[in-house]
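Inside the fold
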Amino acid sequence: MHHDHNPLLVILSVLIAIFASYTSLDLANSLSVSKGRARAIWLIGGSMAMGVGIWSMHFIAMLAFSLPGIDIYYDVPLLFLSILVAIIASALALQIVSGKVPTTKAYVAGSLTMGAAIAGMHYIGIWSMRMAANIHWNMTLVFASITIAIVASFAALMIAFKLRNDLTVKGFLFRGAGGIVMGFAIAGMHYTAMAAMHFTRNKGFILSSQDVLATDGLAAAVIIGTILILGIALTGSNVERTLTKKNEGIRLRDEFLSIASHELKTPLTSVKLQTELLIRQFKKENVDKEKAEGMLKNSLSSLNRMIHLIDEMLDISRITSGRLVLDKSNSDMGELIHNVVETYRPHFEEKKNIITFERCKAMGIFDPHRVEQIVTNLISNAFKYGNDKPVVVKLKCDENFITLIVTDQGMGIPKQFQNKIFERFERVGEGKEISGLGLGLFIVKQLVDAHRGKIWVESEPGKGSSFFVKLPVS
Ligand code: ADP
């Protein structure tokens, strides 16, 4: 017997599949950043929204289906069973992609179960059909539909996991693309399974009070209900993310305030102590000039440290309020760096360490004061985090770019932090033990960006780090 599909409902079913998939990818993201009770609520709410979404795609597609002159009814308890299966499959998927990095085994097991559940939902839905017709199956297409469900689940899990922490525009676009691919995969599974069936008329069946008639009104109600549920889930997910981000911002700021006050207090206490000693010294009959000079020198270096910290904070406020302006002129970068290296040399020698500088003819249009600041920060970090091993500063010149490389043989930076260290207040790994505000590299990156340059780090924990700064000559 010939069967038909209502094209409008088919299109709507595919759109709902895409919308539901996108929502699921978005939920996976929220779920992976929330903890404790919030996480449990997200898992339940998320699986319900996603399950209803997938189920609704399938049911709208069923309502799009018609047989000439035959009314199709659905058994309501069985329909609820198929929704339940869809929700369980979704909970499983969300659980996998929001947990720790899944192993290949977890992906395979997850996609097998999820694929089986999606196929299960579909075939329970078919089982719930009540009509005056018999169904005959093409087993090859049935297997094909189950295979599509498993493969699509595998792809969906991979995409969802890869994208779950990406909140940039790129992440948003990829989630959109992922949603479209997943949506078509779910729809593909459904329509392959529908193609596996053909129908012959029979004498009919006894209608029970549990059966509902498939009508356009029912389709409209399911569509509106689904859009509402998915919309609520998506809004909730975005609100949750904004709140989490805000809390994270507050935590970082509080941490910064406590570090900053501590960092300022240390040199201040030292100045106080040296001054007290100095007063005591001057009360003596014959002042030990050498001792007094040493105390003053100590105070001076503490004061310099404080000025440096306050400068960093002032720079931050300039940068965040967009008031950073470069004062560019034709400058000799080799000479600038040479001067910084020479001011640092005594500090290295004091620790029986060495710093070397390999230069080239590096003329270009820069803000000399800001370039000095970049170099000072990198050398100061190499000194601080370099385990008292030799540091090499190197310039590479070509026609269009000058590249500065500062290499130390210190503690190094684990791969997962190598981008993070350029963010505000970020202090990572073993480096946290050594004093600092976590602002230096953020400022350096802003200065490099202002010069339209690039900065990056290559590093291996325990072996050392190389910081690269590549600036255009003009
Ligand atoms: P600060 O040194 O004040 O903490 P920075 O922004 O200069 O702030 O550096 C951020 C973090 O990056 C440091 O806390 C440290 O963990 C790490 N880091 C920076 N430079 C190095 C380096 N040369 N070797 C190892 N870790 C480094």
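One can find the structure itself at the top, above this paragraph.
Overview of the structure. (Residues numbered from 1 in each chain as written. Predicted model: local features only at pLDDT ≥ 70, side-chain atom pairs only at ≥ 80, totals over all residues. Heavy atoms only, no water.)

Some remarks on the environment of Asn134
Structurally, Asn134 can be placed in strand β5 (residues 133-137). Taking C-alpha positions, Asn134 is 36 Å from Gly179, a pair spaced 45 residues apart along the chain. In this view, Asn134 contacts His198, Phe199, Thr200 and Asn202; residues no more than four positions away in its chain are not counted. (Helix = DSSP H or I, 4+ residues; strand = E, 2+ residues; numbered from the N terminus. Contact = heavy atoms within 4.5 Å.)

Things to note about the packing of aromatic side chains
In total, this model carries 11 aromatic pairs according to the counting rule given. The interplanar angle of 10° and the centroid separation of 4.9 Å between the aromatic rings of Trp55 and Phe59 together place this pair among those described as stacked. Taken together, the residues span about one helical turn, with Trp55 and Phe59 both in helix α2 (residues 36-64) at a distance of 4 residues. Overall, Phe59 belongs to the buried group, its relative accessible area being 2%. (Phe/Tyr/Trp six-rings, centres within 6.5 Å; stacked < 30°, edge-to-face > 60°. Buried < 20%, exposed > 50% of the residue type's maximum accessible area, 1.4 Å probe, protein only.)

Some words on the pairing of strand β13 (residues 454-460)
Residues of β13 alternate between two faces, with Ile455, Val457 and Ser459 buried on one and Lys454, Trp456, Glu458 and Glu460 left unburied on the opposite face. Summarising the sheet, β13 and strand β14 (residues 464-472) pair through 7 bridges and their orientation is antiparallel. For Lys454, the partnering residue across the bridge sits in β14 and is Lys470. Here β13 folds back onto β14 in antiparallel fashion, the turn holding 3 residues, of which Gly462 has a positive phi close to 85°. (Pairing = 2+ DSSP bridges.)

A word on the sheet that holds β14
The strand order β9-β11-β12-β14-β13 describes an open sheet built from 5 strands, whose pairing is mixed. Either end of the sheet is taken by a strand with one partner, and the two such strands are β9 (355-358) and β13. Sheet twist, expressed as the mean angle between neighbouring strand axes with direction ignored, is 15°. Pairing analysis gives 4 bridges linking β9 to strand β11 (residues 391-397), with the strands arranged parallel. Each residue of the ladder has a partner; that of Glu358, found in β11, is Lys394. This element, helix α9 (residues 333-350), spans β9, β11, β12 (401-408) and β14 of the sheet and lies at about 170° to β9. Of the strands in this sheet, β13 and β14 are in contact with helix α11 (residues 440-450), which crosses β13 at around 140°. (Axes fitted to C-alpha atoms, helices over the stretch in contact; angles between N-to-C directions.)

Observations regarding helix α10 (residues 368-385)
Between the first and last C-alpha of α10 there are 26 Å, a value that for 18 residues agrees with the 26 Å anticipated at 1.5 Å per step. The positive-phi residue at the C-terminal boundary of α10 is Asn387, with phi of around 55°. (Expected span 1.5 Å × (residues − 1).)

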